[in-house]
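In case you want the letters, here they are:
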Amino acid sequence: MKTILSIFALTFTVLSCNQKNTKDKGQLTIGQNKEIMQTPLEQSITRGKEVYNDFCKQCHRPKGNGIGRSYPPLAGSNWLTEKRTESIHAVKYGLKGEIEVNGEKFNNIMAPMGLSNKEVADVMNYTMNTWGNTQDKIVTEEEVAAVEK
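Residues numbered from 1 in each chain as written. Predicted model: local features only at pLDDT ≥ 70, side-chain atom pairs only at ≥ 80, totals over all residues. Heavy atoms only, no water.

Asks: Can you help me understand unusual backbone geometry in this one?
Replies: Glycine aside, residues mostly have negative phi, and peptide bonds are mostly found in the trans state. Its identity as a non-glycine residue notwithstanding, Asn102 has a phi of 50 degrees, on the positive side. Structurally, Asn102 can be placed in the loop between strand S1 (95–101) and strand S2 (104–110). For Trp131, which is not glycine, the phi dihedral falls at a positive 55 degrees. Along the polypeptide, Trp131 turns up in the loop between helix H6 (117–127) and helix H7 (141–146). (Helix = DSSP H or I, 4+ residues; strand = E, 2+ residues; numbered from the N terminus.)

Asks: Which parts of the structure should I look at to understand the pattern of salt bridges?
Replies: When the charged atoms of two side chains lie near each other, side chains of opposite charge can form a pair. Tallying each qualifying case throughout the model produces 3 salt bridges. A salt bridge links Asp122 to Arg47; the nearest nitrogen and oxygen atoms lie 2.8 Å apart. Placement of the pair is Asp122 in helix H6 and Arg47 in helix H2 (residues 40–55), with a sequence separation of 75 residues. What makes Asp122 buried here is its relative accessible area of 5%. Across the pair Glu143 and Arg84 runs a salt bridge, and its minimum N-O distance is 2.7 Å. Within this pair, whereas Glu143 is found in helix H7, its partner Arg84 is found in helix H5 (residues 84–93), the two being separated by 59 residues in sequence. Neither Glu143 nor Arg84 differs from the other in exposure class; each is buried. (Salt bridge = Lys/Arg side-chain N within 4 Å of Asp/Glu carboxyl O. Buried < 20%, exposed > 50% of the residue type's maximum accessible area, 1.4 Å probe, protein only.)

Asks: Is there a simple way to think about the state of the cysteines in this case?
Replies: Any covalent bond linking the sulfur atoms of two cysteines counts as a disulfide. Under the defined criterion, the tally for this structure stands at 0 disulfides. Cys59 forms no disulfide, and the closest cysteine sulfur to it belongs to Cys56, at a distance of 8.6 Å. (Disulfide = S-S within 2.5 Å.)

This is the structure we're talking about:
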């Protein structure tokens, strides 16, 4: 009986210690995928940061400060937080013409980047909830899809 219990304990220990991440089979261990414990907004912000780094930070800078009078800041931007639909339109279709951000005028061209509605929503959620910006309402794919040219 003692031998059977020892073999059982040894087998259990080996199996427990030998488990590894089998992500390709859909199994994840706790802590390996941050999105598991995130709210939908937090998940969108995480994805939006990647979109921002790929498409936006060259002009708006890593900390959202913009570049002089050429590219407006997104950090603490009243235009971004107060003009939600216009902001979505600018990210989705680009922007040409004068805008006023935090009392300063900017007149440059932002080319359309060819982002999907999901990518637009994600990058909007990232920029609207970073660098001192806060928004309670998540930007959704459906909201982005409803913004027409």
